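A closer look at the structure
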Amino acid sequence: MTEENDKYGKELDLAVRIVHMACSLCQKVQKSLLSPASRQVLAKDDDSPVTVADWSVQATVSWLLSEFLEGQSVSIVAEEDVQTLSKSDAASLLAAVVNTVNECLAEAPKYGLQQPKKALETSQILEAISRCNSTGGPTGRHWVLDPVDGTLGFVRGDQYAVALALIEDGKLVLGVLGCPNYPMKKEFLNYNHRHDQTMPMTPSSSDIWQKGCVMYARRGSGRTWMQPLIHGDTKFEWPNSATLVQASPVDDPSLATFCEPVEKANSNHLFTAGLANSIGLKNQPMRIHSMVKYAAIARGDAEVFIKFARSGYQEKIWDHAAGVVIVEEAGGVVTDAGGRPLDFSRGLNTGVLYGNLMMFLRQSIPKRAYSEKDADVLPGSLTIDSRRVC
Ligand SMILES: Nc1ncnc2c1ncn2[C@@H]1O[C@H](COP(=O)(O)OS(=O)(=O)O)[C@@H](OP(=O)(O)O)[C@H]1O
Ligand SMILES: [Mg+2]
Ligand SMILES: [Mg+2]
Ligand SMILES: [Mg+2]
C-alpha cells in the first residue's frame, strides 16, 4: 500500500475500534434505561433528551483519542457539555457516568487497545467531556462526534447511532457509524428494532443474527465497509470481519424508498410527502431515528433521504459528518436542496443554505434544486425560498 493510500489508516483503525466500544457501552445503558426503575433520562434546555450514555460515550471517545493519538493535540467537536453533570444535585448521575466509562475502558483489550492503568477519576472524566468543545473550522484536523445520535430513539429502545468522523482542512476524510440496533441484514429489522422483553432478543444462532453493525469509510477509497457488532457474552477477538456495502442500484424513483426522521418536529412530513410524490417516489417512507438513515442508504436498504427541518434550525456537523462519508464512498450523493455538497469547514453548522431541505440521492437519480416551483406540491401556505420556509 502506498503512503498516500494508507493516509488516515491509523486514525480509521482506531476510530473503528473506539466506535465498537462505544456501541457496547450504549447497549448496556439502553438495557438499563428500559427497566421501569430507571430515571436516567434528562431533558436539555431545548427539551431534547440526554442520558448517561451520551456523556459516557463522549468521555470514552475523547479519552481514547487523546490516549492513542499521542503527540497530536486532538481537537474534538462534539455535542455534549458538562454543565448538567457539574451541578451539585447531579452527584448520582455523575457517578453513573464515571462507572459506565470505567467499565467500558476496562474492556479495551477486547478491541486490541490498552486499558487505562487505573480507573479514571471523576475529574479526568469531566475533563475528557469538556475537552470536546472545539468549534472546528476550515483549517487543521478536527474529530467530529455525536456520542448518541437519535437519543430519542435510544431511550425508546429503538434505533440510534454513534457517529465519529475526521475533518482535515475543512474536508471530511473518514467516517465511522455505529448502529447497535441496526442488524446486518434488513430482514431482521422487524424482529429486533425494539427491545421488547416479551420477544427473544436473539434467534437460536447468534452468528446469523448480528443485531448491530458498524460502517466505515475513508474519503476517496470508493469503499464502505460493514462489520457486525458482536456483543453480550460472545468471545470477541479483534480483528473483526468486514464486508463491502454499496448504495442501491435502483434508479427508477417509482421503485425507490426514502428515509426521513421519525419526529414531525424534526422534519415536515407533509412537505416531504408532497415532494416525494412530485419526484415519483411511490413507496411508504422508511422512518428511522438518527443517522441510521445514512447507514440504510449506504448499504442499499433505501435510496433517498429527505429532511426538511423547521425554519431557522441549523444542521450540526456531528449529525451528518460520518454519514456523509459512508454514503458517498458507497456510491451515493449527499447534497443540500440546492444540489450543493454539505460544507464541513464552517464550524458547528453544515452550511445548508438552500432552505432547510436536504436530498441525499443516489447518483443515478437526477439531482435538481428544489425551490419556489415546488410550492405547488405543498399545502397552500407553504413556500420555499433560498433561506427559509414560512
Ligand atoms: N428541531 C429540529 N429539527 C431538526 N433536527 C433536530 C431538531 N432538534 C434536534 N435535531 C437533531 O436531530 C437529531 C435526530 O434526528 P433524527 O433524524 O434522528 O430525528 S428523529 O428522532 O428521527 O425524529 C438530533 O440528534 P441527537 O440530539 O444526537 O439525538 C438533533 O441533533
Ligand atoms: Mg445527533
Ligand atoms: Mg446526540
Ligand atoms: Mg442530543
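Residues numbered from 1 in each chain as written. Chains lettered and ligands numbered in written order. Predicted model: local features only at pLDDT ≥ 70, side-chain atom pairs only at ≥ 80, totals over all residues. Heavy atoms only, no water.

We count it as follows: UniProt positions are given in the numbering used here, feature names are shortened, and annotations may be inferred rather than shown by experiment.
Per an unreviewed UniProt entry, the protein goes by 3'(2'),5'-bisphosphate nucleotidase and derives from Hibiscus sabdariffa. Regarding the protein, the UniProt comment filed under Cofactor (unreviewed entry) reads as follows: "Mg(2+)".

1. Comments concerning the pattern of salt bridges
Threshold: When a carboxyl oxygen of Asp or Glu lies within 4 Å of a side-chain nitrogen of Lys or Arg, that pair is called a salt bridge. Only DSSP runs of H or I reaching four residues or more are called helices, and only runs of E reaching two or more are called strands; each is numbered from the N terminus.
Summed over all chains, the structure comprises 15 salt bridges. As a salt-bridge pair, Arg156 and Glu263 come within 3.0 Å of each other at their nearest N and O atoms. With a gap of 107 residues between them, Arg156 in the loop between helix H5 (151–155) and strand S5 (161–168) and Glu263 in the loop between strand S10 (258–260) and helix H8 (269–278) connect regions that are remote in the sequence. Taking the shortest distance from any N to any O, the salt bridge between Glu328 and Arg219 comes out at 3.0 Å. One end of the pair, Glu328, is in helix H10 (residues 321–329); the other, Arg219, is in the loop between strand S7 (212–218) and strand S8 (224–229), with 109 residues separating them in the sequence.

2. Some words on the coordination of the magnesium ion (ligand 3)
The test is simple: For Na, K and Ca the donor cut-off is 3.2 Å, while for other metals it is 2.8 Å, and in both cases only N, O and S atoms qualify; water is not among them, so sites may look incomplete. We call a residue buried when its accessible area falls under 20% of the maximum for its residue type, exposed when it is over 50%, and partly exposed in between, using a 1.4 Å probe and counting protein chains only.
Within the protein, the atoms that donate to the magnesium ion (ligand 3) are Glu79 (OE), Asp146 (OD) and Val148 (O), at distances of 2.0 to 2.2 Å. Along the chain, the residues donating to the magnesium ion (ligand 3) are arranged with the sequence spacing E-x66-D-x1-V. A separation of 3.7 Å is found between the magnesium ion (ligand 3) and the magnesium ion (ligand 2), which are bridged by Asp146. Val148 shares its class with Asp146; the two are buried.

3. Observations regarding the environment of Glu107
To keep it simple, the criterion reads: Distance and chemistry together define a polar contact, namely a pair of N or O atoms within 3.5 Å, with one atom able to donate a hydrogen and the other to accept it when in protein, and with adjacent residues in sequence counting only for side-chain atoms on both sides.
Along the chain, the position of Glu107 falls in the loop between helix H3 (91–105) and helix H4 (122–130). The sequence separation of Glu107 and Glu79 amounts to 28 residues, and the corresponding C-alpha distance is 24 Å. Here Lys28 takes part through its side chain, which lies 3.5 Å from a polar atom of the side chain of Glu107.

4. So, helix H2 (residues 52–68)
Going by this rule: Helix span is expected to be 1.5 Å times the residue number reduced by one.
The end-to-end C-alpha distance of H2, which contains 17 residues, comes to 24 Å, matching closely the 24 Å that a straight helix rising 1.5 Å per residue would cover. Burial runs high along H2: 14 of the 17 residues are buried.

5. Things to note about the site of ligand 1
To be explicit about the condition: Working definition: residue near molecule or strand if any one of its non-hydrogen atoms lies within 4 Å of it. Areas reported as accessible are Shrake-Rupley estimates using a 1.4 Å probe. Residue values count occlusion only from the protein chains shown. Cavity and pocket criteria rest on a 1 Å grid covering protein atoms alone: a 1.4 Å probe that fits but cannot get out defines a cavity, protein on both sides within 12 Å along at least 5 of 7 lines defines an open pocket, and an atom within 4 Å of a point defines a lining residue. Pocket occupancy is defined atom-wise: a molecule lies in a cavity or pocket when more than half of its atoms are within 2 Å of its grid points. Polar here means any residue outside two lists: the nonpolar Ala, Val, Leu, Ile, Met, Phe, Trp, Tyr, Cys and Pro, and the charged Asp, Glu, Lys and Arg; Gly therefore counts as polar.
The immediate surroundings of ligand 1 are formed by 20 residues, with Val262, Glu263, Ser290, Lys293 and Asp319 found nearest. At a separation of 3.0 Å, an oxygen atom of ligand 1 approaches a polar side-chain atom of Asp146. Measuring from an oxygen atom of ligand 1, one finds a backbone N or O atom of Thr151 at 2.9 Å. Taking 640 Å² as the accessible area of ligand 1 by itself, protein coverage stands at 90%. Most atoms of ligand 1, that is more than half of them, are within 2 Å of grid points of the largest pocket. When residues of the shell around ligand 1 are assigned to their parent elements, the largest contribution, three residues, is made by strand S4 (residues 141–149). Within the shell around ligand 1, the residues separate by chemical class into seven nonpolar, five polar and eight charged.

6. Things to note about unusual backbone geometry
Located in the positive-phi region is Tyr8, a residue other than glycine, with phi close to 70°. Tracing the chain through its elements places Tyr8 in the segment before helix H1 (9–33). Phi is positive for Ser290, which is not a glycine, with a value near 75°. As for its position among the elements, Ser290 is in the loop between strand S11 (286–287) and helix H9 (292–298).

7. Concerning the packing of H2 against H3
Rules: Axis lines are fitted through C-alpha atoms, for helices just across the contact stretch, and the angle between N-to-C directions can take any value from 0 to 180 degrees. Any angle between 65 and 115 degrees counts as roughly perpendicular, while under 35 counts as roughly parallel, over 145 as roughly antiparallel, and the rest as oblique. Two helices crossing with the near one rotated counterclockwise from the far one by less than a right angle form a left-handed crossing, whereas a clockwise rotation gives a right-handed crossing. Here, two residues are considered to be in contact whenever any of their heavy atoms come within 4.5 Å of each other.
Axis separation between H2 and H3 bottoms out at 9 Å; the angle between their running directions is 45°. With respect to H3, the element H2 is oriented oblique. Note on packing geometry: the crossing formed by H2 with H3 is right-handed. Taking contact as the criterion, the partners of Val52, Trp55, Ser56, Ala59, Thr60, Trp63 and Leu64 in H2 are, on H3, Leu93, Ala96, Val97, Thr100, Val101, Cys104 and Leu105.

8. Looking at the sheet that holds strand S6 (residues 171–179)
Heads up, the condition is: Pairing between two strands is assigned when DSSP locates at least 2 bridges connecting them.
With respect to topology, seven strands assemble into an open sheet ordered S3-S4-S5-S6-S7-S8-S9, the strand pairing being mixed. Strands with a single pairing partner mark the edges of an open sheet, and in this sheet they are strand S3 (76–78) and strand S9 (243–245). Each neighbouring strand pair of the sheet contributes to a mean axis angle of 25°, computed without reference to strand direction. Here S6 runs beside S7; their pairing, made up of six bridges, is antiparallel. Within S7, the position partnered with Leu177 by the bridge is Met215. Relative to S4, H2 is tilted by about 150°, and along the sheet it contacts S3, S4 and S5.

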